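# Inside the fold
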Amino acid sequence: MTSRAVSYQRLTRRVVIALASVVLLVWTVFPFVWILLTSLKSPGDIISVPPTFVFTPTVDNYTALVVGEQRGQYASTRPDFPRFFLNSMIISVGAVALSVAAGIPAAYALARFTFPGKNALAFVLLSFRFVPFIAFVIPLYILYQRFGLYNTHAGLILAYQLITLPFTVWMLRSFFMEIPIEIQEAAKIDGCSWLGVLGRIILPLSAPGISVTVILGFMFCWNAFNYPLMLAGRQTFPVTVGAIQFISYEQVLWGQMAAATIVAALPQLLLSLMVQKYIVRGLTMGAVK
Amino acid sequence: MTTPGSRRRRRERFLPYLLLAPALILLVGMLYPFGLGIYYSLTNYWLQYPNRFRFVWFDNYVDLLGEPLFVRALEFTIGFTLVAVAVQVGLGLAVALFLHARIPGRRAIRALMLMPLMIPPVITALMWKIMMASTNAGILNYLLAFVGVDPINWFGSTQGAIISVLIIDTWGNLPFVALILLGGLQAIPTEPYEAARVDGAGPVAMLRYVTFPLLSPFIVLAITFRAMDSLRIFDVIYATTAGGPNDATTNLQIMAYQYSFQWYQMGKGMAQAMVLLLLVVIVSYLLMRLWNRAAESTQ
């Protein structure tokens with residue numbers, strides 16, 4: 001093989017790699033770019049044929065989101081986006097707090113004690129990851145209507161435990177098990193009770209893992225759509241259900257919907273940067289590290 | 001006779017249950033509605049006609065067999081899962097192999113790929129809904145025109161709707177498969193490759209005889225998670241086609257939703273949900289066996 005043939009081969013290889021990188025980048029990023037552009041367009045620019053890349057940007061769509069129900073022709077039916085955002089915050093924070101409070105002792109028990117039924121319990125919790133939501137939401141809807149939990153933050157926080165509790169217990173357990181057992185034994189010999197082991201050894205040493213679990217749990221709550229679609233009302237809709245309210249019978253408010261999707265996705269994009277390394281672990285309930 | 005030591009030991013025996021108590025209470029709170037749901041699937045519960053409530057044994061399940069929509073929804077559920085898993089795991093493997101090679105900017109690409117993965121699926125669907133507008137203002141049809149593709153009626157036609165849902169689901173979940181497999185590739189030690197090189201194996205042979213066998217547990221894991229999620233896909237379909245047109249994208253979850261929350265026939269909806277659950281259990285059992293085999297073969 002001549003040196004020219006080698007360099008030619010190297011060049012084709014580089015071109016192929018560059019092309020593949022560009023395709024992958026465009027496929028991943030272009031939808032975000034386009035939606036961002038759409039959210040900055042006036043209604044005229046949005047429906048222009050052909051679509052425009054150059055236009056006078058406007059923040060009207062975002063203003064309309066913030067101003068919410070107080071303004072506009074369809075004032076009564078207009079989605080109240082600031083409230084949806086607040087709802088998402090309340091429900092997600094509440095659900096994660098409850099799951100972590102119940103999950104820390106449970107994960108500690110599953111990680112460090114042997115008792116009958118331990119594996120069965122862990123398995124039952126894991127299986128919630130794969131259960132069709134509709135099997136839960138139908139009876140929950142009936143119960144919630146009866147007991148006044150329908151369209152309440154408390155009801156949604158309880159329903160979200162289906163998402164966060166199994167996840168929290170499995171993630172925390174996998175982090176707790178990474179702590180060498182020798183440290184715990186040494187503490188016990190020094191007279192530490194189980195509570196002391198948990199408070200002075202396990203929790204401080206797994207603080208990063210707990211933060212990751214909290215952030216990922218919050219993100220999964222933020223993404224939730226099924227449960228609130230059926231169990232929330234206009235006063236308690238989170239952003240995910242709120243964003244589809246821009247599709248009404250008479251029209252689709254494309255610009256505002258684009259702005260809403262950007263606002264709904266933004267916390268996720270920022271948080272995912274913080275927990276980059278742990279996302280796959282979180283999505284597989286700790287199966288892949 | 002109780003010495004302090006034995007008392008302590010007895011306390012330790014009950015301790016795990018004490019620690020588990022809060023989680024167990026929540027768990028019971030989840031299992032109770034689930035049990036109630038199974039019961040409802042054996043009744044003719046119709047929210048608007050509470051007086052007619054009656055226990056009907058397996059009538060709802062038997063009725064399903066005679067319902068054409070159920071057969072189609074079952075077909076679509078299984079068919080969509082097969083295609084989505086094949087497409088996503090196939091492409092995900094390609095992307096993982098690509099990123100595993102020392103590509104310039106791979107860290108940046110990897111970070112960017114987290115974006116579609118972590119935003120709400122329903123938001124993903126709405127983003128694509130904007131891009132897939134079937135009018136001439138839709139950016140996707142506009143771009144496709146440059147490569148000579150006629151405008152596609154994305155959500156309006158039977159085929160278009162199925163393909164749209166597949167594309168949107170793939171955009172959101174391809175990064176998941178790619179990242180799992182990339183993690184798997186990075187976990188493979190270098191010795192097998194060196195041994196293969198000594199034996200004179202080329203790149204294709206290395207892929208076939210070293211990479212794939214050692215990666216197989218990760219591939220099965222990716223298939224498992226994607227299959228479970230594809231069987232239950234709801235958000236994307238609900239926000240784009242709502243099961244249409246002509247029920248072309250109605251899967252079991254959408255069908256159960258329509259029965260129970262549009263027509264308020266909770267009994268029938270719950271029976272459909274149980275069929276879907278059974279399907280999920282069967283598929284997860286089969287995949288778990290496959291996983292055990294893959295894990296054993298790599299040891």
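Residues numbered from 1 in each chain as written. Chains lettered and ligands numbered in written order. Predicted model: local features only at pLDDT ≥ 70, side-chain atom pairs only at ≥ 80, totals over all residues.

### Observations regarding the overall build of chain B
Worth spelling out the cut-off: Strands here are runs of E lasting at least two residues and helices are runs of H or I lasting at least four, both read from the DSSP assignment and numbered beginning at the N terminus. Exposure in this text rests on C-beta crowding, where 20 or more other C-beta atoms within 10 Å of a residue's own make it buried, 12 or fewer make it exposed, and counts in between make it partly exposed. The C-beta atoms are placed from the backbone. The contact criterion used is a C-beta to C-beta distance within 7 Å, with each C-beta placed from the backbone.
Broken down by element type, chain B carries twelve helices and zero strands. Counted from the first residue to the last, chain B has its helices and strands arranged as α-α-α-α-α-α-α-α-α-α-α-α. Dimensions of chain B along its principal axes, counting C-alpha atoms only, are 80 × 75 × 30 Å. Split into buried and exposed, the 299 residues of chain B put 42% on the buried side. By sequence separation, contacts in chain B at least 24 residues apart represent 70% of the contacts at least 6 residues apart.

### Focus on the overall build of chain A
Inclusion rule: As a reference, a globule follows 2.2 Å times the number of residues to the power 0.38, and the radius of gyration itself is taken over C-alpha atoms.
When helices and strands are counted, chain A shows 15 helices and zero strands. For chain A, whose C-alpha radius of gyration is 25 Å, the value lies well above the compact-globule estimate of 19 Å for 289 residues. Counting only C-alpha atoms, chain A reaches 80 × 75 × 30 Å along its principal axes. Sorting the 289 residues of chain A into buried and exposed places 45% on the buried side. Nonlocal contacts in chain A, meaning residues at least 24 apart in sequence, comprise 75% of its contacts between residues at least 6 apart.

### A short note on the interface of chain A and chain B
Filter applied, for reference: Under this grouping Gly is polar, as are all residues other than the nonpolar Ala, Val, Leu, Ile, Met, Phe, Trp, Tyr, Cys and Pro and the charged Asp, Glu, Lys and Arg.
With 69 residues of chain A at the interface, the matching set in chain B holds 66 residues. Element by element, the count of residues in the side of chain A that touches chain B is highest for helix α1 (residues 3–39) of chain A, at twelve residues. Of the residues assigned to the side of chain A that touches chain B, the class counts are 55 nonpolar, 14 polar and no charged.

### A short note on the packing of helix α6 (residues 134–147) of chain A against helix α12 (residues 266–297) of chain B
To keep things clear, this is the line we draw: Helix axes are fitted only over the stretch in contact, all axes being lines through C-alpha atoms; the angle between N-to-C directions runs from 0 to 180 degrees. An angle below 35 degrees is read as roughly parallel, one above 145 as roughly antiparallel, one from 65 to 115 as roughly perpendicular, and any other as oblique. Helix crossings are classified by the rotation of the near helix relative to the far one: an anticlockwise turn of less than a right angle makes the crossing left-handed, while a clockwise turn makes it right-handed.
The N-to-C vectors of α6 of chain A and α12 of chain B enclose an angle of 155°; their axes lie 8 Å apart at closest approach. In terms of their interaxial angle, α6 of chain A and α12 of chain B are classed as roughly antiparallel. Crossing handedness for the pair α6 of chain A and α12 of chain B: left-handed. When α6 of chain A is examined against α12 of chain B, the residues Ile134, Ala135, Ile138 and Ile142 of chain A are found in contact with a partner set consisting of Met266, Gly269, Met270, Ala273, Met274 and Leu277 of chain B. In the contact of α6 of chain A with α12 of chain B, the residues fall into nine nonpolar, one polar and no charged.

### Quick word on the domain arrangement of chain B
It is common to give the size of an interface as the accessible area lost on bringing the parts into contact. Operational definition: An automatic or database domain assignment supplies the residue ranges for each domain.
Split into domains, chain B comes out as domain 1 (4–40) and domain 2 (58–297). The C-alpha-based centres of domain 1 of chain B and domain 2 of chain B are spaced at 36 Å.

### A few points about the nonpolar core
The condition that has to hold: By definition, a nonpolar core groups buried Ala, Val, Leu, Ile, Met, Phe, Trp, Tyr and Cys residues that are joined through C-beta atoms within 7 Å.
Counting 167 residues, the largest nonpolar core has Tyr160 of chain A together with Leu181 of chain B as the members making the most contacts within it. Setting aside anything within four residues of it in sequence, one finds leucine 181 of chain B in contact with Gly92, Leu93, Ala96, Leu215, Phe218, Ile219 and Ala222 of chain B.

### Describing unusual backbone geometry
All names here are of chain B. In the segment running from glycine 244 into proline 245, the intervening peptide bond is cis, with an omega of -15°. Looking at where proline 245 falls in the secondary structure, it is placed in the loop between α10 (235–240) and α11 (252–262). The residue aspartate 247 is not glycine, and still its phi comes out positive at about 60°. Note on placement: aspartate 247 falls in the loop between α10 and α11.

### Description of the confidence of the model for chain A
Spelled out, the test is: Every residue gets a pLDDT, meaning the predictor's confidence in that residue, from 0 to 100.
A residue-level look at chain A finds 94% of positions with pLDDT of 70 or above and a mean pLDDT of 89. Element-level pLDDT for chain A is lowest in helix α2 (residues 43–46) of chain A, with a mean of 85, against a maximum mean of 96 in helix α7 (residues 153–159) of chain A.

### As for the domain arrangement of chain A
Residue and element names in this part refer to chain A. Domain annotation of chain A identifies domain 1 (3–70) and domain 2 (81–283). Here domain 1 and domain 2 have C-alpha centroids that lie 33 Å from each other. Counting residues at the interface gives 13 residues for domain 1 and twelve residues for domain 2. Elements that contribute at least two residues to the side of domain 1 that touches domain 2 include exactly α1, α2 and α3 (60–67). A per-element tally of the side of domain 1 that touches domain 2 places α3 first, with five residues. Considering only residue class, the side of domain 1 that touches domain 2 consists of eight nonpolar, four polar and one charged.

### With respect to the environment of threonine 164 of chain A
Residues and elements named next belong to chain A. Mapped onto the secondary structure, threonine 164 falls in helix α8 (residues 161–176). Assessed through the 28 C-beta atoms surrounding it within 10 Å, threonine 164 is described here as buried. When residues no more than four places from it in sequence are discounted, the contact partners of threonine 164 are Ala95, Val96, Ser99, Gly217, Phe220 and Cys221.

### Things to note about α3 of chain A
All names here are of chain A. Our working rule: Note that the arc is computed from the directions linking the helix axis to the C-beta atoms.
If you check which residues of α3 are buried, you get Asn61, Ala64 and Leu65. One side of α3 holds all its buried residues, which, seen down the axis, span an arc of 100°. Exposed residues lying more than 90 degrees from the buried face of α3 are Thr63 and Val66.

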